[in-house]
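Chain residues, written in single-letter form:
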Amino acid sequence: MEGKTLYTLLVYSENIAGILNQITAVFTRRQVNIESLNVSASSIKGVHKYTITAWSDHDQIEKITRQIEKKIDVIKATFYTDAELFIRETGMYKLATEIVMENPMISKIIRKHEAIIMEVNPTYVLAMKNGMTEDIMSLYYALNEFGCVLQYTRSGRIAVTRSTQEEVSEYLEQREKDI
């Protein structure tokens, strides 16, 4: 993606049906593809956190963030670069047991990539890796060379800021004072 940076947006909202559709529509209107999306409860009761990654330039991501923040049920939206966050993803690899047992190099590759084997049965071996996107994809490519991958999936990014508390906490505290 020449001239573009991978940004992570952290969006906080109340748990309202349809808000995800409103948020993703902002990206669609600007023709920006969402690379990953993770939605979960945040550390604040009643507030949900959306972690969205997208390739964009700085001006465009600012506009997208402002548009998202204008949504009535959105509490706060902020964008970050990777250096400003602690980030992780999870990859799961379902491998053909027969091929794994025939080739001891596969187990060595799994250990080298610091993945764990979660289950082994006569049909498949289930391995899991936590880390950065590049590390998870690297293991996938290494395993795929052996033709043993039956299924593969990678989670959306999870992220927390490098500050001591959720940025939205400060915002909500100030909003309470203003009322």
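Data block above holds the structure.
We now turn to the structure provided with this report.

Parameters at a glance
- Numbering of residues starts from 1 in each chain and follows the order in which that chain's sequence is written.
- Only residues with pLDDT of at least 70 are given local features in this predicted model, and only at 80 or more are side-chain atom pairs given and counted; all residues enter the totals for whole chains, interfaces and linings.
- Hydrogen atoms and water are omitted, and side-chain values are computed over all heavy atoms in the structure.
- Put simply, a patch holds well-exposed residues, over 30% relative accessible area, that have no salt bridge, with like charges counted together within 9 Å and Val, Leu, Ile, Met, Phe, Trp or Tyr side chains within 5 Å.
- The accessible surface values rely on the Shrake-Rupley method and a 1.4 Å probe; as for residues, cover is taken only from the protein chains in view.
- The rule for a salt bridge is simple: a side-chain nitrogen of Lys or Arg has to be within 4 Å of a carboxyl oxygen of Asp or Glu.
- Counting rule applied: Lys, Arg positive; Asp, Glu negative; His and chain ends not counted.
- The atoms used to mark charge sites are NZ of Lys, CZ of Arg, CG of Asp and CD of Glu.
- The helix count covers DSSP runs of H or I at least four residues long, the strand count covers runs of E at least two residues long, and both are numbered beginning at the N terminus.
- Per-residue accessibility, obtained with a 1.4 Å probe over protein chains only, is compared with the maximum for each type, and a residue is labelled buried under 20%, exposed over 50%, and partly exposed between these values.

Quick word on a positive patch on the surface
On the surface, a cluster of positive charge is made up of R29, R30, K63, R66 and K70. Note on placement: R66 falls in helix α2 (residues 58-69).

Description of the pattern of salt bridges
Applying the stated criterion across every chain yields a total of three salt bridges. In this structure, E69 and K76 form a salt bridge, with 3.7 Å as the shortest nitrogen-oxygen distance. With relative accessibility at 31%, the residue E69 sits in the partly exposed group. A relative accessible area of 19% means that K76 is categorised as buried. In this structure, R157 engages D82 in a salt bridge whose closest nitrogen and oxygen atoms are separated by 2.8 Å. With a gap of 75 residues between them, R157 in the loop between β8 (149-154) and β9 (158-161) and D82 in the loop between β4 (74-80) and β5 (85-96) connect regions that are remote in the sequence. Assessed through its relative accessible area of 3%, R157 is described here as buried. Of the residues examined, D82 reaches a relative accessible area of 30% and is grouped as partly exposed.

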